Amino acid sequence: MKIKQTAAVCMAILLLTGCAFLPADVSESLEDTAEAEEEEAQKEQVGERGAAGDADTEDTQGQDLLTAARGEEMTHSGIYVFAQEEHWGEGCWYPSETDFAAANGFGGTEPFFTYSLPDGQKRLTLYYDETAQRGCGIRYYERDPSTFATTGMYGFVFEGLQESQENGILEDYLKPLAVDGTNGSGEAEDFKENTEYDVQGRITHYDATGILTDLVENNPEPGTVLWIDYEYYDNGNLKSRFYRHNGYIFGTWYTTWDCYFDRQGRIEHEDIYVTHGSWDIYYIYEDDTKEPAYILKLDNCSWQWVPAFRKGR
């Protein structure tokens, strides 16, 4: 993305949310290898900042928050925050988790819910006051090199509990079908399926291939239509499900869909690619029931995780 395009995106975000999450020096580090015209635009931006005097250097959100260099992972310090209510917190950035929790009324309290991926990678910390129906949380993010978002912590705050719009968990995660309930065979020639099972007869892998002549021009070679892997706990319950589909056939929403389950086989977390970014969904159980008490959805759009918190049953 060119600098001028990046600036336009950031300005739109600023107008919509009142918070800008990307430090001013991100573009400089990212555009080291850009075209000559981009480098010229970058120099102009640097000159403008220099003419602004010391005001820029005093901006705490722009100081020492980002370590970025060619070929290195970009990392920011502190917490960038998406806030729905202006009176929660005095800015869009906090230096630590402790400061963030305290500023939102949860100083010295234990988290309501935490989640880590099966490999131990920390993913979420959630604070919630059930009486006041307000909360805040932190999403821990490992940078995807294809995006401008930096590795680090992203915060969010919310107020109010939405009513459930669904009755129960509707997905059958074991079915080897695409998100639209089909296998894509109607959109591909020479369609072939491959299904693999373990010694207990449980499905462990599914893939489908075909030639997409009507969708992809000048491409007579077979391509992947649908691909799903399954993993199980030692007690036989589903542990994880990793899903990929062909965007030409099924669209870009849910192109990737990673699902994680607890040892009882209940869905705990979904990480879903959508066209504008991704969805994080967390299912919070308070007892041994099959249905969650709460569901948290984080809509990741332009480096912000926008929360929606609702009843699970």
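Residues numbered from 1 in each chain as written. Predicted model: local features only at pLDDT ≥ 70, side-chain atom pairs only at ≥ 80, totals over all residues. Heavy atoms only, no water.

## Some remarks on unusual backbone geometry
Phase 1: Positive phi, close to 55 degrees, is recorded for Q133, a residue that is not glycine.
Phase 2: Inspection of the secondary structure puts Q133 in the loop between β5 (122–129) and β6 (134–141).
Phase 3: Since its relative accessible area comes to 32%, Q133 is described here as partly exposed.
Phase 4: Positive phi outside glycine occurs at Y254, with the angle close to 65 degrees.
Phase 5: As for its placement among the helices and strands, Y254 is situated in the loop between α5 (247–250) and β12 (256–261). (Helix = DSSP H or I, 4+ residues; strand = E, 2+ residues; numbered from the N terminus. Buried < 20%, exposed > 50% of the residue type's maximum accessible area, 1.4 Å probe, protein only.)

## Quick look at the side chain of H205
Phase 1: Looking at where H205 falls in the secondary structure, it is placed in strand β9 (residues 203–211).
Phase 2: Among the polar contacts made by the side chain of H205, one reaches the main-chain carbonyl oxygen of I228 at a distance of 3.4 Å.
Phase 3: Every residue in contact with H205, bar those within four places of it in the chain, is listed here: N194, T195, E196, W227, I228, D229 and Y230. (Polar contact = N/O pair within 3.5 Å; in protein donor to acceptor, adjacent residues only side chain to side chain. Contact = heavy atoms within 4.5 Å.)

## Structural notes on the sheet that holds β12
Phase 1: Reading across from one edge, β8-β9-β10-β11-β12-β13-β14-β15-β16 is the order of the nine strands in this open sheet, with antiparallel pairing throughout. The sheet terminates laterally at β8 (189–197) and β16 (305–311), the two strands that pair on one side only. Across the sheet, the mean angle separating the axes of adjacent strands is 10 degrees when strand polarity is ignored.
Phase 2: Bridge count between strand β15 (residues 294–301) and β16: seven bridges; the pairing is antiparallel. When the sheet's bridge partners are listed, I295 is paired in β16 with R310. (Pairing = 2+ DSSP bridges. Axes fitted to C-alpha atoms, helices over the stretch in contact; angles between N-to-C directions.)

## Things to note about the pairing of β15
Phase 1: Bridging between strand β14 (residues 277–284) and β15 involves eight bridges; their strand directions are antiparallel. Paired with Y283 across the strands is I295, a residue of β15.
Phase 2: Taken together, β15 and the strand that follows it, β16, pair antiparallel across an intervening segment of three residues, in which S302 is found at a positive phi of about 55 degrees.

## Considering the nonpolar core
Phase 1: In this structure, Y173, V225, L226, W257, I267, I272 and Y283 are the most contacted members of the largest nonpolar core, which totals 28 residues.
Phase 2: Secondary-structure elements contributing two or more residues to this core are β9, β10 (223–232), β11 (238–245), α5, β12, β13 (267–274) and β14.
Phase 3: Counting residues per element, this core draws most heavily on β10, at five residues.
Phase 4: Beyond its immediate chain neighbours, meaning those up to four positions away, Y173 contacts Y230, L238, R241, W257, C259, F261, I267, E270 and Y283.
Phase 5: Residues F113, Y128, I284 and L298 belong to the second largest nonpolar core, which totals 26 residues. (Core = buried A, V, L, I, M, F, W, Y, C linked by side-chain atoms within 4.5 Å.)

## Describing the side chain of R266
Phase 1: By secondary structure assignment, the location of R266 is in the loop between β12 and β13.
Phase 2: Given a relative accessible area of 12%, R266 falls into the buried group.
Phase 3: Side chain to side chain, R266 and D262 meet in a polar contact 2.8 Å long.
Phase 4: Those residues in contact with R266, other than ones at most four positions away along the chain, are Y260, F261, Y285, D287, D288, T289 and K290.

## Description of the packing of aromatic side chains
Phase 1: Scanning the entire structure with this criterion turns up 22 aromatic pairs.
Phase 2: For the ring pair F112 and Y294, a centre distance of 5.8 Å and an interplane angle of 70 degrees mean the geometry is edge-to-face. Of this pair, F112 sits in the loop between α4 (97–103) and β4 (113–116) while Y294 sits in strand β15, placing them 182 residues apart in sequence.
Phase 3: Look at F112 and you get partly exposed, because its relative accessible area is 25%.
Phase 4: Here Y294 falls in the buried class, since its relative accessible area comes to 10%.
Phase 5: Residue placement shows R202 over the ring face of Y232; its charged tip is 4.5 Å from the ring centre.
Phase 6: Here the basic side chain of R241 rests over the ring of W257, its NZ or CZ set 4.8 Å away from the ring centre. (Phe/Tyr/Trp six-rings, centres within 6.5 Å; stacked < 30°, edge-to-face > 60°. Lys NZ or Arg CZ within 6 Å of the ring centre and 35° of its normal.)

## Quick notes on the pattern of salt bridges
Phase 1: Enumeration over the complete set of coordinates arrives at seven salt bridges.
Phase 2: A salt bridge links D234 to R263, with the shortest nitrogen-to-oxygen separation between them at 2.6 Å. Separated by 29 residues along the polypeptide, D234 in the loop between β10 and β11 and R263 in the loop between β12 and β13 bring together distant segments of the chain.
Phase 3: On the basis of relative accessible area, D234 is assigned to the exposed category, the value being 71%. (Salt bridge = Lys/Arg side-chain N within 4 Å of Asp/Glu carboxyl O.)

## Side note on the environment of A208
Phase 1: The topology assignment puts A208 in strand β9.
Phase 2: Sequence-distant contacts of A208, that is, excluding residues within four places in its chain, are made with F191, K192, E193, G223, T224, V225 and L226.

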